[in-house]
Amino acid sequence: MEGLPLLRDVTRMILDSDIIEDPKIVTAKHKVTEFRHPKELEKIFDLRIEDEPSTHEQMTKLCQDVLKYSVKTSKSSQIRLGLPSTLVFSVSDRAVAAIASSVLHDVGLITSNNSDLVVDENKLRRKKVKVRKDLKFQALSEAQALPLKGLYFDGRKDSTLIEERVDTKRYTRKAKEEHLSLIEELGSRYITHLSPSFGTAKQISATIIGYFKGITRDLSQLLEIAYDSTSVNTGGKSDVIRCLELKLGKPLQWVVTYRRAAAGSVGDDAVILSPTLRVRPRWSSGHPMFVSRLYQGVDGYGLAGAWLTEALNTNQTTYEVAPVFVLLEKALLDEMIRMVGWEEGEGIFCPGGSMANMYGMSLGRYYFNPSVKTKGLRELPPLVCFISDEAHYSVKKGALFLGLGTESVICVPTDSQGRMIPEELEKAVIKAKSEGKVPFFVGATSGTTVLGAYDPLKPLSDICKRHNMWLHVDGAWGGATIFSRTHRKLLDGVDRVDSITIDLHKMSGVPFQCTVFLTRHKGILYKCNALHAEYLFQPDTYYDTHYDLGDESIQCSRKVDCLKLWITWKARGNLGLEKQVDTAFAMAKYLAEKVRTTEGFIPVLDEFECTNICFWYVPPSLRGKEKEPDFWEKIAKVAPAIKGLAVKDGTMMISYQPMKNRNWVNFFRVIVHCIPTLTEEYMDNIIYLVQKYGEKL
């Protein structure tokens, strides 16, 4: 994973910082914030976005400054798990008794006249035996009463002193034995110690299962298994974990400690949790064969930003509680406004593309008639809006949410590529007006969900201008082309629209969630949404309140999403983000060519605009039967069957869908992303796997 060194550094920063210190150490004397006025803080942080990537040292310094100048809202009890510390030292009973007695003598509790408190080593030994027995019985009783959900095991081969009996005599000798410790997680509760007969995967797994059966401990709710990354544990199809999963009849979540592991021994798809832990999920969205959704892998630099964000646990409402993040959000939005091509504008980070599209609809309605803010819909004529018949359903959700109703959304026909036809839009607008309805909003799409189509923005903007309608662009998926000088032509005319949505957590791989909403109408977010809550937004406060963002949002509590993008962008630079987009398009083009030239594959479109590659597959059993009346009925079953086989084998997760408006039966849709970086080898593997499973049909 790119960004791993920064991720490790950030982990150490968080663990070493005041935000998770022991409450006994962090007192009222410690500062809750290192306050700086906005202009002062702007000088400390380099808010410029450069073409070249920042160095590791620069990124580390940036993250340190984020921690230093952010408000310390978090407490130890909120972040640190209360794990008990149980240290076992090889100290003899005699030594313990001597040390304890000496301490009691030094503090005056044992004197020449009073030796009652002298510690007797024999009593100590008997007491330890009793305590061990009681604790073991207590632990076993508690364990049997509760189902086991998480298990950690660790084993090694040690020299063990064993006793042998020959006739009437007893002899001791050393022998190599397997030793296995079982710990219940979370809570790190010791369960038991086992000695398998052999150190094989089958014997170890059988010993573990046998122990729990013997004490009638319920394993039906076991979800997670943790272990060292040894070849016996993770060595392939017959390792300990596989054997345990087979015996339990279900998959488990793996947590792998890798401090002593060989590089790459748990697979490239493992997700780093800390400097000592990796998780290998059942399905990793960062796996190159996860090509099923509009999101995929996570950017390592962005993940560092996400961890910092979670550790600082603040709200993006006012400069007072989020000084660093307010500045970063403003800087990022200004840069993206410049990239869109507007001379001025504003924006906000939203919880997903659907919410950002709703912002566009809400502002469009306010722009049409500002009285809607106070008087609602009761004094407005029947409003209607327009989207293509390939648009995302979030616009209809927005109409529902805003009280317009789903019938107010009119779907406009699309061309053979899935793009809205401008002439059809104008016809629909004129027709709506003739029916006494008032068109106020057009939702164009840059990168439709299924076909990846880009609506023609220039002619659409001309129509919107003629009819006084707000033009919003849903660029949640395809808006990432704004970073590429080669492919931003797909957004031609974006500088003429009123607002746009871009999901950075989709093609660009910034961690969920990271969505920006941008508008060219500076000040409209505040005018439309502000309610001036007195307990939050005070004009007589000690800093410039123009930096407060809370009243521009429809939310009060708003998660900090800007740091993930900021660290990703600074670490990669403009050129790095551009290279990601260009590589994704190159791999999509390669796959499209393979689809066109490989027997049995039928592309849905002659040309693909975005990185969505859609196709039907005709298995060998159906070839030559294209003229049979039930041919397409049978083809409709191919994609679900192949996907099911691939998912059950764990080799690939791919999506399929029909398009009823085009009378198309189920076809495959492959989504090519920026993260992880895909290669021709992976594209070839998609073709191979479809063929492999298709032969079985």
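Computed from a predicted structure; not experimentally measured.

K.L.:
Tell me about the packing of aromatic side chains, and name the residues and values.
P.N.:
Between two aromatic rings, the relevant description is the distance of the centres plus the angle of the planes. Across all of its chains, the model carries 17 aromatic pairs by this definition. Note on Tyr367 and Trp470: the rings are 5.4 Å apart at their centroids and 70 degrees apart in plane angle, and the pair reads as edge-to-face. You can see Tyr367 sitting in helix H12 (residues 353-368) and its partner Trp470 sitting in strand S13 (residues 470-474), a full 103 residues away along the chain. Each residue in the set Trp616, Phe631, Trp632, Trp664 and Phe667 is aromatic and connected to the rest through ring pairs, giving one cluster. The ring centre of Tyr547 lies 6.0 Å from the NZ or CZ of Lys330, which sits over that ring.

K.L.:
Which residues make up helix H18 (residues 562-597), and what values do they have?
P.N.:
Along its 36 residues, H18 runs just 43 Å from first to last C-alpha, ending more than 12% under the 52 Å computed at 1.5 Å per residue. At Gly573, H18 shows its strongest bend, of approximately 95 degrees.

K.L.:
Outline unusual backbone geometry, supporting the account with residue identities and numerical values.
P.N.:
The omega torsion of the bond from Phe512 to Gln513 falls at -20 degrees, within 30 degrees of zero and hence cis. Within the chain, His532 stands out as a residue other than glycine whose phi angle is a positive 60 degrees. Mapped onto the fold, His532 is located in the loop between helix H17 (524-529) and H18.

K.L.:
Account for the pairing of strand S2 (residues 169-185), naming residues and giving values.
P.N.:
Bridge count between strand S1 (residues 150-166) and S2: 17 bridges; the pairing is antiparallel. Residue pairing across strands places Thr160 opposite Ala175, the latter belonging to S2. In this structure, the hairpin formed by S1 and S2 is closed by a connection of two residues, where Asp167 is found at a positive phi of approximately 55 degrees. Relative to strand S3 (residues 189-194), S2 runs antiparallel, the two sharing five bridges. When the bridges of S3 are listed, Glu184 appears paired with Arg189.

K.L.:
So what about the pairing of strand S11 (residues 409-412)? Which residues, and what values?
P.N.:
Consecutive side chains of a regular strand alternate in pointing toward one face of the sheet and then the other. Pairing of strand S10 (residues 383-388) with S11 involves four bridges; the strand directions are parallel. When the sheet's bridge partners are listed, Ser388 is paired in S11 with Val412. For the crossover that starts at S10, traverses helix H14 (residues 394-401) and ends in the parallel S11, the hand is right-handed.

K.L.:
Could you give an account of the packing of helix H7 (residues 201-214) against helix H9 (residues 240-248), with specific residues and numbers?
P.N.:
Viewed as axis vectors pointing N to C, H7 and H9 meet at an angle of 45 degrees, and their least axial separation amounts to 8 Å. Our classification of the angle between H7 and H9 gives oblique. By crossing handedness, the relation of H7 to H9 is classed as right-handed. Across the interface between the two elements, Ala201, Lys202, Ile204, Ser205, Ala206, Ile208 and Ile209 of H7 pack against Val240, Cys243, Leu244, Lys247 and Leu248 of H9. Residues of the contact of H7 with H9, tallied by class, amount to nine nonpolar, one polar and two charged.

K.L.:
Requested: an account of the sheet that holds strand S8 (residues 290-291), with residues and values cited.
P.N.:
As summarised here, the arrangement of the five strands in space is S8-S18-S19-S17-S16, forming an open sheet in which the pairing is mixed. Because the sheet does not close on itself, it has two edges, and the strands there are S8 and strand S16 (601-603). Sheet topology places S8 next to strand S18 (residues 653-659); two bridges connect them, and they run parallel. Within the sheet, the bridge partner assigned to Phe290 lies in S18 and is Met653.

K.L.:
Explain the packing of helix H11 (residues 323-340) against H18 residue by residue, including any values.
P.N.:
Between H11 and H18, whose axes approach to 9 Å, the crossing angle comes to 60 degrees. The interaxial crossing formed by H11 with H18 has left-handed handedness. From H11, Phe325, Leu328, Glu329, Ala331, Leu332, Glu335, Met336 and Met339 reach across to H18, where they touch Cys562, Leu563, Leu565, Trp566 and Trp569. Its residues placed into classes, the contact of H11 with H18 shows eleven nonpolar, no polar and two charged.

K.L.:
Quick rundown of the UniProt feature "modified residue: N6-(pyridoxal phosphate)lysine" (unreviewed entry) in the protein chain? Include the residues and the values.
P.N.:
Using the residue numbers shown here, the UniProt feature "modified residue: N6-(pyridoxal phosphate)lysine" (unreviewed entry) corresponds to Lys506. Looking at where Lys506 falls in the secondary structure, it is placed in the loop between strand S14 (499-503) and strand S15 (515-519). Accessibility expressed as a relative area gives 18% for Lys506, which makes it buried. With near-sequence residues (within four places) excluded, Lys506 lies in contact with Leu294, Tyr295, Ala476, Trp477 and His673. In this structure the side chain of Lys506 is engaged in a polar contact, spanning 3.1 Å, whose partner is the side chain of Asp503.

K.L.:
Go over the pattern of salt bridges with me, naming the residues and quoting the values.
P.N.:
The final tally for this structure, using the stated rule, is 24 salt bridges. Between Arg572 and Asp299 there is a salt bridge, with its nearest N and O atoms 2.6 Å apart. One end of the pair, Arg572, is in helix H18; the other, Asp299, is in the loop between S8 and helix H10 (300-312), with 273 residues separating them in the sequence. On the accessibility criterion, Arg572 (9% relative accessible area) is buried. Among the salt bridges present, the one from Glu379 reaches Lys375, with a minimum N-O distance of 3.9 Å. In this structure Lys375 comes out as partly exposed when scored by relative accessible area, which is 37%. In this structure, a network of salt bridges that share partners links the residues Asp415, Arg419 and Glu609.

About the criteria used
- Residues numbered from 1 in each chain as written.
- Predicted model: local features only at pLDDT ≥ 70, side-chain atom pairs only at ≥ 80, totals over all residues.
- Heavy atoms only, no water.
- Phe/Tyr/Trp six-rings, centres within 6.5 Å; stacked < 30°, edge-to-face > 60°.
- Helix = DSSP H or I, 4+ residues; strand = E, 2+ residues; numbered from the N terminus.
- Lys NZ or Arg CZ within 6 Å of the ring centre and 35° of its normal.
- Expected span 1.5 Å × (residues − 1).
- Bend = angle between axes of the 7 residues up to and from the residue.
- Pairing = 2+ DSSP bridges.
- Right-handed = clockwise from strand over helix to strand, strands pointing away.
- Axes fitted to C-alpha atoms, helices over the stretch in contact; angles between N-to-C directions.
- Parallel < 35°, antiparallel > 145°, perpendicular 65-115°, else oblique.
- Left-handed = near helix turned anticlockwise from the far one by under 90°.
- Contact = heavy atoms within 4.5 Å.
- Nonpolar A, V, L, I, M, F, W, Y, C, P; charged D, E, K, R; others polar.
- UniProt positions renumbered as here; feature names shortened; annotations may be inferred.
- Buried < 20%, exposed > 50% of the residue type's maximum accessible area, 1.4 Å probe, protein only.
- Polar contact = N/O pair within 3.5 Å; in protein donor to acceptor, adjacent residues only side chain to side chain.
- Salt bridge = Lys/Arg side-chain N within 4 Å of Asp/Glu carboxyl O.

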